[in-house]
Amino acid sequence: MNRNQVLPQVELSNDPKALSRIDFCAPQSYQGAGFLETSVLPRVAEEASSVETGDGFHWELKTHFADSPGSEPRQILELAVKGHIHLVCQSCLQDCGLDLAQESRFVMVATEEEADAFPMEDDQHEPLVASQHFDLLGLIEDEILLSIPLIPKHLESACQPHASSFSDVGEAADASEKPQNPFNILKNMKKN
Ligand SMILES: [Zn+2]
């Protein structure tokens, strides 16, 4: 029997308080979407060079249960974030509005031990430890932070670099612009 057909599907609200305590231990799946202004995302606001009207992120989440050999069916989360932020352009050091997007899949596991033992070669799913008060808002924020380029820059046509040495820094960084595996960054963030 397909577990997803018998479990209730709960619609998530966009309320930041509610999003910061979602019960991922309950036998139910979730779906929801909304728009969060930068002002309710303190760690994102900290990264922003300025916050202008309309700055913020759409989020979309859908979960389902998947059979897992040797254990209870596990809840799979598919989370997408997409939005607009202002950062300091590293070529011209002026404000720079950027569109960002990130899509990730996660698998809910019961314990930290299970998360640590999760096969590293499974780069499709990042394990998360389920709880009755899971901070989904924090996860959305993590995803937005991961989508921020290491070296934010205007599109070439929109950038007006000063005749200073800063443009050299920007140029040299091009080769390494591809960020490292975001899951590793996330892991490190969580250990702190
Ligand atoms: Zn620029």
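Within any chain, residue numbers begin from 1 and follow the written order of that chain's sequence. Where local features are concerned, this predicted model is filtered to residues with pLDDT of at least 70; where side-chain atom pairs are given and counted, the filter is 80 or more; whole-chain, interface and lining totals use all residues. For side-chain calculations, the full set of non-hydrogen atoms in the structure is used, while hydrogens and water are omitted.

Let's talk about the state of the cysteines
(1) Moving on: Disulfides are defined as pairs of cysteine sulfur atoms found within 2.5 Å of each other. Throughout the structure, instances matching the rule amount to zero disulfides.
(2) Moving on: Not part of a disulfide, Cys96 finds its nearest cysteine sulfur in Cys89, a span of 5.2 Å.

Points about the coordination of the zinc ion
(1) Moving on: The rule for donors is simple: an N, O or S atom within 2.8 Å of the metal counts, and for Na, K and Ca the reach is 3.2 Å. Water is not among the atoms, so a site may look short of donors. Protein ligation of the zinc ion involves Cys89 (SG), Cys92 (SG), His154 (ND1) and Cys159 (SG), the donor distances falling in the range 2.0 to 2.3 Å.
(2) Moving on: By the criteria applied here, four donors are tetrahedral when all angles lie between 85 and 135 degrees, four are square planar and six octahedral when opposite donors are over 155 degrees apart and every other angle lies between 65 and 115, and any other arrangement is irregular. If you look at the zinc ion, its four donor atoms make angles of 102 to 125° with each other, and the shape they trace is tetrahedral.
(3) Moving on: Of note, the zinc ion draws all its donor residues from one chain, in the sequence arrangement C-x2-C-x61-H-x4-C.
(4) Moving on: Cys159 gets classed as buried once you look at its relative accessible area, which sits at 12%. Partly exposed describes any residue whose relative accessible area lies between the buried limit of under 20% and the exposed limit of over 50%, with all areas from a 1.4 Å probe on protein chains only and scaled to the type maximum.

Some thoughts on the pattern of salt bridges
(1) Moving on: Within this document, salt bridges are pairs made up of a side-chain nitrogen of Lys or Arg and a carboxyl oxygen of Asp or Glu, the two lying within 4 Å of each other. Taken as a whole and assessed by the stated rule, the structure comprises four salt bridges.
(2) Moving on: Residue Glu114 is joined to Arg74 by a salt bridge in which the shortest nitrogen-to-oxygen separation is 2.5 Å. With Glu114 in helix H4 (residues 112-116) and Arg74 in strand E4 (residues 71-88), this residue pair connects regions lying 40 residues apart in the sequence.
(3) Moving on: The partner of Arg105 in a salt bridge is Glu78, with the nearest N and O atoms 3.1 Å apart. Of this pair, Arg105 sits in strand E5 (residues 95-109) while Glu78 is found in strand E4, placing the two residues 27 residues apart along the sequence.
(4) Moving on: Under the relative-accessibility criterion, Arg105 is labelled partly exposed at 31%.
(5) Moving on: Residue classification places Glu78 among the partly exposed positions, given a relative accessible area of 31%. Segments assigned H or I by DSSP are reported as helices when at least four residues long, segments assigned E as strands when at least two residues long, and all are numbered from the N terminus.

Observations regarding the environment of Leu79
(1) Moving on: The residue Leu79 is located in strand E4 in this model.
(2) Moving on: Taking relative accessible area as the criterion, Leu79 reaches 2% and is therefore assigned buried.
(3) Moving on: Sequence separation between Leu79 and Ile140 is 61 residues, and the spatial gap between their C-alpha atoms is 7.9 Å.
(4) Moving on: Only heavy atoms enter the contact rule, under which two residues are in contact if any of them lie within 4.5 Å. Residues contacting Leu79, with those up to four places away along its chain left out, are Glu60, Leu61, Gln102, Glu103, Ser104, Phe106, Leu139, Ile140 and Glu143.

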